[in-house]
Structure formats: structure tokens, C-alpha cells
Amino acid sequence: TETVYATLDNSGAVQNISVTDWIHTDTPEVYLRDVTDLENITNVKSDTEPYFKDGGLFWNMPTTDLYYRGTSNKTLPVSISIKYYLNDEEIAASDLAGKSGKVKIRFDYTNNLKKTITVNGKSKQAYVPFTMITGMMLPNDNFSNVEVTNGKVVEAADSNVVVGITMPGLKDSLNISFDGKKADLDIPEYFEVSADVTDFSLDMTLSVATS
């Protein structure tokens, strides 16, 4: 089981990628070859050291479970682009800090993984299906009249909990047509939140990609 953690800057550009792997076997005391292209590999829960031979990564597992961490420079399966607007004019995140007015934040998602599949005996390209969930907390002291496109907003205690849900690439993969016309499917590929803001600040947003 593998989980990928990526830290992005306020525009969505990747700053670093950390990956955690869990290997499980039914019996202990096994020797195995692990297929991975991670770098800076470190065992995080035991003293078992990895070693490399013939281009492979090998482990001696005294128990049935092994947890390790590494880094990656590969392209993420889904890319995120974040844009900010103040009173309907685009603005850099660094310039938006501390400003007041009508603020809009738009998240656009690009699916980077395509596979060849067979449908009714014919081969076609289709995006690997991912659901993207993005969330943030907007304090009531600074944000009011919060509205969301392709998501939900729920008031909790002294903040608005905002969640966006998108499925990038799915519309193109389905490519459904009726009577020769391509269907206009309502499948979200972007998420947008707007609000009346005083002294804008945003600590972080969190996005999860799940298959």
C-alpha cells in the first residue's frame, strides 16, 4: 500500500513529494525484492535496512509488516492550478494577503494519467479515474456570504468548512453521444469558492486524490 504526500505552493506548483509504503506478508522471516523508483529510502518503524542489488531494492523482513518512506520527482497523477481574484480581477496570492473585498479562489485539476482500454472490441484512450476532494476552513470573522461551485459549504462553530469535489478527465473518457451529438455531461472538473472578505488570510488547503 502506497500513499503519496505532496506539498504545493499557493499557485499549485509542487514543492516536494514524500511517499510512504507499507509492505505486508502473511508469514514473517521472508526475503523479498521490492519494485520502487523512490529515492532517500528510510525504514520508519524498525531497524531493518534496505539494500540494493542488480538495480533492485531488497528487504529481509523479520516480521510481517514493513513501513518505509522515500522521495519522488515524478509527475503527480493529478495537477492542481490555483488562481485568486479580488473584486473580479486576478491577483497573486502574495498580493491578496491582508486585502478586503470580494474574493474568489478557483482550483483547476488536470488528469495526467491515460491508459488504453478496450470497449466493445475497440481500443481507446481513457483517463485513470480520480476523484479530487479539496477542503479549507474559512473563519467567520474574516469570511462571509461564502458560495461554492462544485462543492459544499457547512458552518461549523466559528468557521465555514468548504469542500470541493471534482472528477478530472472523466467527461472526456466517457465521451457519450446521442444521435451523433456529444452529450454535455455535468461532471465537475474545477472547484470555486467566493466570499466577502476582510483582511484576507488562508493558512492552508488540503486536497485528496482517490481512485
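As the structure is a computational prediction, the values presented were derived from the model and not from experiment.

A. Representation of the packing of aromatic side chains. Counted under the stated rule, the structure contains seven aromatic pairs. Pairing Y51 with F58 gives two aromatic rings, centres 5.9 Å apart and planes at 20 degrees, and the pair type is stacked. Classification of Y51 as partly exposed rests on a relative accessible area of 30%. Arranged with centres 5.2 Å apart and planes meeting at 25 degrees, the rings of W59 and Y68 form a pair that is stacked. What makes W59 buried here is its relative accessible area of 0%.

B. Seen up close, the pattern of salt bridges. Summed over the entire model, instances satisfying the criterion amount to four salt bridges. Residue D108 is joined to R106 by a salt bridge in which the shortest nitrogen-to-oxygen separation is 2.9 Å. By relative accessible area, which is 25% here, R106 ends up partly exposed. What you see here is one network of salt bridges that share partners, running through R106, D108 and E192.

The rules behind each value
- Residues numbered from 1 in each chain as written.
- Predicted model: local features only at pLDDT ≥ 70, side-chain atom pairs only at ≥ 80, totals over all residues.
- Heavy atoms only, no water.
- Phe/Tyr/Trp six-rings, centres within 6.5 Å; stacked < 30°, edge-to-face > 60°.
- Buried < 20%, exposed > 50% of the residue type's maximum accessible area, 1.4 Å probe, protein only.
- Salt bridge = Lys/Arg side-chain N within 4 Å of Asp/Glu carboxyl O.

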